[in-house]
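Geometric and topological summary
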Amino acid sequence: MQFRPHRYRTEFPTVFSTPMGNVNAVINDVNETGALVSISQPLQRGHKIRVSFLNNHIDAIVQWSLRGKCGISFRPQLTIAQVDMLRYKQGGHRGIRHSSTGYAEMR
């Protein structure tokens, strides 16, 4: 049995260009080879799609699709820099910042 490489959890909104038009999607997890995606419209297995994010356009193939989710494989694989871009999580606690003013100096 062969295991797939680790996938990184994320919530990255994107748009797919499909044979039926544009589809809004949210990437739920990602690695260099593929991703799990929540989609607004159903896609069919084997569809060739184009994923657009942050001025990147990546070709992919739908491997499976079921109840508003699908698995895609990237052709060619993503670079490490592209995976890092997609790992960014939208939202979160932006107001919380690290501050060292609350710490006393130890001597």
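Each remark here, short or long, concerns the structure printed above.
Residues numbered from 1 in each chain as written. Predicted model: local features only at pLDDT ≥ 70, side-chain atom pairs only at ≥ 80, totals over all residues. Heavy atoms only, no water.

Another aspect to go through is the overall build of the protein chain. Broken down by element type, the protein chain carries 1 helix and 6 strands. Ordered by position from N to C terminus, the α and β elements of the protein chain give β-β-β-β-β-β-α. Counting all 107 residues of the protein chain, 34% fall into the buried class. In the protein chain, 47% of the contacts between residues at least 6 apart in sequence involve partners at least 24 apart. (Helix = DSSP H or I, 4+ residues; strand = E, 2+ residues; numbered from the N terminus. Buried < 20%, exposed > 50% of the residue type's maximum accessible area, 1.4 Å probe, protein only. Contact = heavy atoms within 4.5 Å.)

Among the 6 residues of strand S3 (residues 34–39), 5 are classified as buried, and the element is accordingly described as predominantly covered. Here strand S2 (residues 21–30) pairs with S3 via 5 bridges, running antiparallel. Across the sheet, residue Ala-25 finds its bridge partner in S3, namely Ile-39. In textbook terms, the turn of a hairpin is the stretch between consecutive antiparallel strands, and for S2 and S3 this stretch comprises 3 residues. Note that S3 and strand S6 (residues 69–74) share 5 bridges and pair antiparallel. When the sheet's bridge partners are listed, Gly-34 is paired in S6 with Ser-73. (Pairing = 2+ DSSP bridges.)

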